[in-house]
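Chain by chain, the residues run as shown.
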Amino acid sequence: MIALKDKVEAGFHAAFGDASELIAAAPGRVNLIGEHTDYNDGFVMPMAIGVGTLVAARRRTDGVLRVAALDLSETTEFPLSSPVPHALDGDWSNYVRGVAAALVESGLALAGADLAIAGNVPQGAGLSSSASLEMATGLALAALAGVPDHDRTALALAGQSAEHHYAGCQCGIMDQLVSARAEAGNAVLIDCRDLSARSVAMGAELAVLIVHSGIRRGLVDGEYNLRRQQCEAAARAMQIPALRDADPAALVAARAAMDPVAYRRARHVITENARTLAAADALTAGDLASLGRLMSASHASMRDDFEITTPEIDRLAAAMAQFLGNRGGARMTGGGFGGAVIAIARRSDIEALRDEVASTYRTPAGAVPQLMIEVPADGARLI
Ligand code: GLA
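Residue indices follow the written sequence of each chain, beginning from 1 at its first position. Given that the model is predicted, a residue must reach a pLDDT of at least 70 before its local features are reported, and side-chain atom pairs must reach 80 or more before they are shown or counted; all residues, however, enter totals for whole chains, interfaces and linings. Note: side-chain values were computed over all heavy atoms of the structure, leaving out hydrogens and water.

> So what about the domain arrangement of the protein? Which residues, and what values?
The assigned domain composition of the protein is domain 1 (2-30 + 42-199) and domain 2 (203-374). Where a domain begins and ends is set by an automatic assignment or by a domain database. One C-alpha centre belongs to domain 1, the other to domain 2; they are set 26 Å apart. Taken together, the two surfaces of domain 1 and domain 2 that pack against each other cover about 2300 Å², and 61% of this comes from carbon and sulfur. The term buried area denotes the loss of accessible surface (1.4 Å probe radius) that occurs when two parts are joined, taken as the sum for both partners. Among the residues domain 1 hides against domain 2, the three largest losses belong to Phe 43, Met 45 and Arg 193. Together they make up 24% of the total.

Right under this line is the structure:
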């Protein structure tokens, strides 16, 4: 992050001709377990990672937001009174516009700002580069408005609003909440109904290996939103507010009332909620054998019932799980259709696993995959 800090400071100066007033940082995340459960009011257990986004900021008084994306060498500016979504799908500025709009709407006294942004979260890896951009932007704007300790859950909701209304992804709240609220050393068990979060300590002897499959995923391409609609249809068929409220027996009882696809989607969510709670207990107890079984079952459920994995990712996750045996676990992480596979294990095993993956797995482009060894990092903060 030190090199990134130098980069945003220098980049801010080059773009706006003066020094920044403050710098906000927010991490990317990896989800240990609990996939596609967040928008069903369920449970997730992510942790923040050591890569993230930095935003250097300075106040303006003319109601304008000027933004320099240093990694892309692009700039944009817009009046805070009408931060219209950019015409381009997938454009980075949608996240900035959406967060600024949500915060202004919530009453934040913001009279304009200059922002310079730089980050090091790999894109398309399912590691929430967009949530880290949203949370760093939100914290920078809140601090400029005189509220550096702005409620972190409110920041997360502003980020989610940007995804919904500006980026076109009907995402849940997991990525933004963990980026805003994580604590070093701990994974976070989040109840996505009441947005309460409980720290789950990860033993110092454990680490997470993140393997970027090299298969890029696009959340905005419709499959994600389709999964959400299918889950909501299943909940309607069961006459419950959300799949969080169902158990396996209730699902079986309602089988005749829903189509087979909705049934399988619901079965994933219902069983994944139970696995997530069990995994929090297993992680707390340092029970790697149980954790490994839960992670394998989670992957199988994403593959067979939620249908968000790919054959290459299935092979990679299976090979990693097999290498670890009962000494840890592996599964795809994030929204799906590509992205990263993770393993949790003791550090000594993680290093051997990293070597094994580097020598056996190749991305679709034929390259050695990008490998990251991570422990739980801090959430958004001013640096
Ligand atoms: C994306 C979304 C999250 C969550 C995951 C899947 O990361 O942004 O809200 O739904 O996919 O678990």
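From this point, things continue past the structure.
> Give me the lowdown on the nonpolar core, citing residues and values where you can.
The criterion is simple. A nonpolar core is a set of buried Ala, Val, Leu, Ile, Met, Phe, Trp, Tyr and Cys residues joined through side-chain atoms within 4.5 Å. Each residue is placed in one exposure class: buried if its accessible area under a 1.4 Å probe, protein chains only, is under 20% of its type's maximum, exposed if it is over 50%, and partly exposed if it falls in between. With 51 residues, the main nonpolar core has Leu 65, Val 67, Val 96, Leu 103, Leu 115, Ile 117 and Leu 141 as its most contacted residues. Secondary structure elements follow DSSP: runs of H or I no shorter than four residues count as helices, runs of E no shorter than two count as strands, and numbering proceeds from the N terminus. Considering each element in turn, this core owes the most residues, nine residues, to helix H3 (residues 129-144). What Leu 141 contacts, discounting residues up to four positions off in sequence, is Leu 65, Ala 100, Leu 103, Leu 108, Leu 110, Ala 113 and Leu 115. With 40 residues, the next largest nonpolar core counts Cys 169, Ala 246, Ala 266 and Tyr 361 among its residues. The contact rule is simple, with two residues in contact once any of their heavy atoms fall within 4.5 Å.

> Give a detailed account of the packing of helix H6 (residues 223-237) against helix H8 (residues 260-285), specifying residues and quantitative values.
An axis is simply a line fitted to the C-alpha atoms; with a helix, the fit covers only the stretch in contact. Between two such axes, the angle follows the N-to-C directions and lies from 0 to 180 degrees. At a closest axis distance of 8 Å, the pairing of H6 and H8 adopts a crossing angle of 95 degrees. When the axis of H6 is compared with that of H8, the two are roughly perpendicular. Along its contact with H6, which presents Arg 227, Gln 230, Cys 231 and Ala 234, the element H8 presents Val 261, Ala 262, Arg 265, Ala 266 and Val 269. Polar here means any residue other than Ala, Val, Leu, Ile, Met, Phe, Trp, Tyr, Cys and Pro, which are nonpolar, and Asp, Glu, Lys and Arg, which are charged; Gly is therefore polar. Here the contact of H6 with H8 is composed, by residue class, of six nonpolar, one polar and two charged. Throughout, the term roughly parallel applies to angles under 35 degrees, roughly antiparallel to angles over 145, roughly perpendicular to angles from 65 to 115, and oblique to all others.

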